[in-house]
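Structure assessment
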Amino acid sequence: MIYTVTLNPSVDYIVEVEQFELGSLNRTVADTKFPGGKGINVSRVMKRLAVESNALGFIGGFTGKFVEDFLNLEKIPSNFVKVSGDTRINIKLKTEVESEINGIGPNISEDQLTEFFEIFQKMTREDIVVLAGSIPGTLPSSIYKEIIAVCKEKEIKVVADVSGDALKEVISEKPYLIKPNHHELGELFNTEIQSVEEALVYGKKLVKQGVKHVIVSLAEKGALLITENNSYVANVPKGKVLNSVGAGDSVVGGFISAISKDYSIEEAFKIGVAAGSATAFSMELCTKQKIEELLPYIEVNEVKGEER
Ligand SMILES: Nc1ncnc2c1ncn2[C@@H]1O[C@H](COP(=O)(O)OP(=O)(O)OP(=O)(O)O)[C@@H](O)[C@H]1O
Ligand SMILES: O=P(O)(O)OC[C@@]1(O)O[C@H](CO)[C@@H](O)[C@@H]1O
């Protein structure tokens, strides 16, 4: 089983406003709500690709019920620990540009954390754990390290789509896959990364540090997959970006779905990139049909020779 862990789920409130004016009353032209949080998005994308997963994390209140009900409707199993506060509402404001306001998340008690860790007891080495998204304010910043320690004992593969200090912590634990975007990769090395070539240099450093697979996404500039033995570069298809929320999660969901179906690493990478772009070109998360439409427009090439 693939378990996605979203420590800090959300209701994503997507609001479209024409000519937004700061300090004035603005009215929406459209608004929608979706369950959110990076691990939950990964689960939803995998479901669309017919790969089962179990969504874990902490939810609470009326917003938590919305998330759980929505996943039930989509037939995605979940095993959330219930907390007393409300799951956060993250605002995604679409004007001429996209802006986001993400909440801090509810309090999580010691007992609730213990309950969460108990879920890992039944996992086995055939399982995969996807850790994704921010850490709620009341949990220690070492939480991902602690989860990985439990996974290591059980030889469970860990995928981590996290950023900032959490990413630094996770890298030292040598996960199976990480997927920083080029800004997050640059932050790790106190530098700015603008191109695929620059991303390759720093991505390889992470593989040298023991990460098994590094996917670096560079939005419209393409993506890279670096493994111990090979590096691959992919273009992204051209299209109109309608919604970038969840595009990165879709790359992870697409890649893991394909790996779990024993596709080659190149093919899995291609499906991941197609899923990312399919989400970027849709108002909601990608569908299988949209992914399949985009696949012919993506080329994956091995990076050869010196550059490798
Ligand atoms: N302008 C674009 N054109 C085509 N595809 C895109 C574009 N922007 C994003 N994507 C797709 O989305 C994937 C992830 O995008 P990005 O590199 O911005 O990652 P991210 O910052 O993790 O995404 P997110 O917006 O979910 O935080 C890309 O690999 C690509 O497949
Ligand atoms: O605050 P975090 O946990 O870093 O990110 C949460 C979030 O922005 O990520 C998802 C898109 O990747 C959204 O569904 C959600 O609102």
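Predicted, not measured: the structure shown is a model, and the values here were computed from it.

With that settled, consider empty space enclosed by the protein. Tallied over the full model, the rule gives one cavity of 30 Å³ or more. Reported here for the largest cavity is a volume of approximately 90 Å³. Surrounding the largest cavity, D12, I14, F34, P35, G36, N41, R44, N243, V245, M283, E284 and L285 form its lining. Only β2 (10–17), β3 (28–36) and α1 (38–48) provide two or more residues apiece to the lining of the largest cavity. Per-element accounting of the lining of the largest cavity gives the leading share, three residues, to β3. Here the residues of the lining of the largest cavity sort into six nonpolar, three polar and three charged.

There is about 1200 Å³ of room inside the largest pocket. The wall of the largest pocket is formed by 50 residues, among which N181, S244, G246, A247 and G248 lie closest to the centre. Within the residue set of the lining of the largest pocket, elements represented by two or more residues are β2, α1, β6 (88–94), β7 (98–101), α5 (164–171), α6 (182–188), α8 (247–260) and α9 (265–280). Here the lining of the largest pocket is composed, by residue class, of 16 nonpolar, 21 polar and 13 charged. For the second largest pocket, the calculated volume is near 210 Å³.

This part is about the site of ligand 2. Around ligand 2 there are 16 residues in total, and D12, K38, K92, S134 and D249 lie nearest to it. A distance of 3.0 Å separates an oxygen atom of ligand 2 from a polar atom in the backbone of G37. In the environment of ligand 2, an oxygen atom lies 3.0 Å from a nitrogen or oxygen atom belonging to the side chain of N102. The fraction of the free accessible surface of ligand 2 (410 Å²) that becomes covered by protein chains is 89%. According to the grid-proximity analysis, the pocket containing ligand 2 is the largest pocket. Put simply, the parts of the chain that give the shell around ligand 2 at least two residues each are β2, α1 and β6.

Glancing now at a nonpolar patch on the surface. Where nonpolar side chains cluster on the molecular surface, the patch consists of F62, I89, I91 and I101 and spans about 400 Å² of accessible area. Within the element layout of this structure, I89 appears in strand β6.

Take the pattern of salt bridges next. Applying the stated criterion to the full structure yields 15 salt bridges. A salt bridge links E74 to R44, with the shortest nitrogen-to-oxygen separation between them at 2.8 Å. Separated by 30 residues along the polypeptide, E74 in the loop between α2 (61–73) and β5 (78–83) and R44 in helix α1 bring together distant segments of the chain. On the basis of relative accessibility, which here comes to 22%, the residue E74 falls in the partly exposed class. A network of salt bridges, in which partner residues are shared, links R44, R48, E74 and E284.

Let us look at α5. All of the buried residues along α5 are A166, L167, V170 and I171. All buried residues of α5 project into a common sector of 130 degrees when viewed along the axis, lining one side.

Per the UniProt record, the feature "domain: Carbohydrate kinase PfkB" (unreviewed entry) sits at residues 7–285. Within the segment residues 7–285, helix and strand shares are 37% and 24% respectively, and the terminal C-alpha atoms sit 20 Å apart.

To continue, consider the packing of aromatic side chains. A full pass over the atoms with the stated rule returns seven aromatic pairs. With a centroid separation of 5.6 Å and 70 degrees between ring planes, the pair formed by F116 and F117 is classed as edge-to-face. Three or more aromatic residues link up through ring pairs in this structure, and these residues are F58, F116, F117 and F120.

Taken together, 19 residues sit near ligand 1, with N181, S217, A219, S244 and G248 positioned nearest. Contacts to ligand 1 include S217, whose side-chain N or O atom sits 2.8 Å from an oxygen atom. Considering ligand 1 on its own, with 630 Å² of exposed area, one finds that the protein chains cover 83% of that surface. The site holding ligand 1 turns out to be the largest pocket.

To continue, consider the sheet that holds strand β13 (residues 231–234). If you walk across this open sheet you meet the 10 strands as β5-β4-β1-β8-β9-β10-β11-β12-β13-β14, and the pairing is mixed. Bordering the open sheet on either side are β5 and β14 (300–302), each of which pairs with just one other strand. Those strands touched by helix α4 (residues 143–153) are β8 (128–132) and β9 (157–161), and its axis lies near 175 degrees from that of β8. α8 contacts β1 (2–6), β8, β9, β10 (177–178), β11 (213–217) and β12 (223–226) of the sheet and is inclined by roughly 160 degrees relative to β9.

Criteria and thresholds
- Residues numbered from 1 in each chain as written.
- Chains lettered and ligands numbered in written order.
- Predicted model: local features only at pLDDT ≥ 70, side-chain atom pairs only at ≥ 80, totals over all residues.
- Heavy atoms only, no water.
- 1 Å grid on protein atoms, 1.4 Å probe; cavity = no way out; pocket = protein on both sides within 12 Å on 5 of 7 lines; lining within 4 Å.
- Points joined across faces, edges and corners; volume = space filled by probe spheres on them.
- Helix = DSSP H or I, 4+ residues; strand = E, 2+ residues; numbered from the N terminus.
- Nonpolar A, V, L, I, M, F, W, Y, C, P; charged D, E, K, R; others polar.
- Near = heavy atom within 4 Å.
- Polar contact = N/O pair within 3.5 Å; in protein donor to acceptor, adjacent residues only side chain to side chain.
- Areas by Shrake-Rupley, 256 points an atom, 1.4 Å probe, with all protein chains shown as cover.
- Sits in = over half its atoms within 2 Å of the grid points.
- Patch = residues over 30% accessible without salt bridge, like charges linked within 9 Å, V, L, I, M, F, W, Y side chains within 5 Å.
- Salt bridge = Lys/Arg side-chain N within 4 Å of Asp/Glu carboxyl O.
- Buried < 20%, exposed > 50% of the residue type's maximum accessible area, 1.4 Å probe, protein only.
- Arc of directions from axis to C-beta.
- UniProt positions renumbered as here; feature names shortened; annotations may be inferred.
- Phe/Tyr/Trp six-rings, centres within 6.5 Å; stacked < 30°, edge-to-face > 60°.
- Pairing = 2+ DSSP bridges.
- Contact = heavy atoms within 4.5 Å.
- Axes fitted to C-alpha atoms, helices over the stretch in contact; angles between N-to-C directions.

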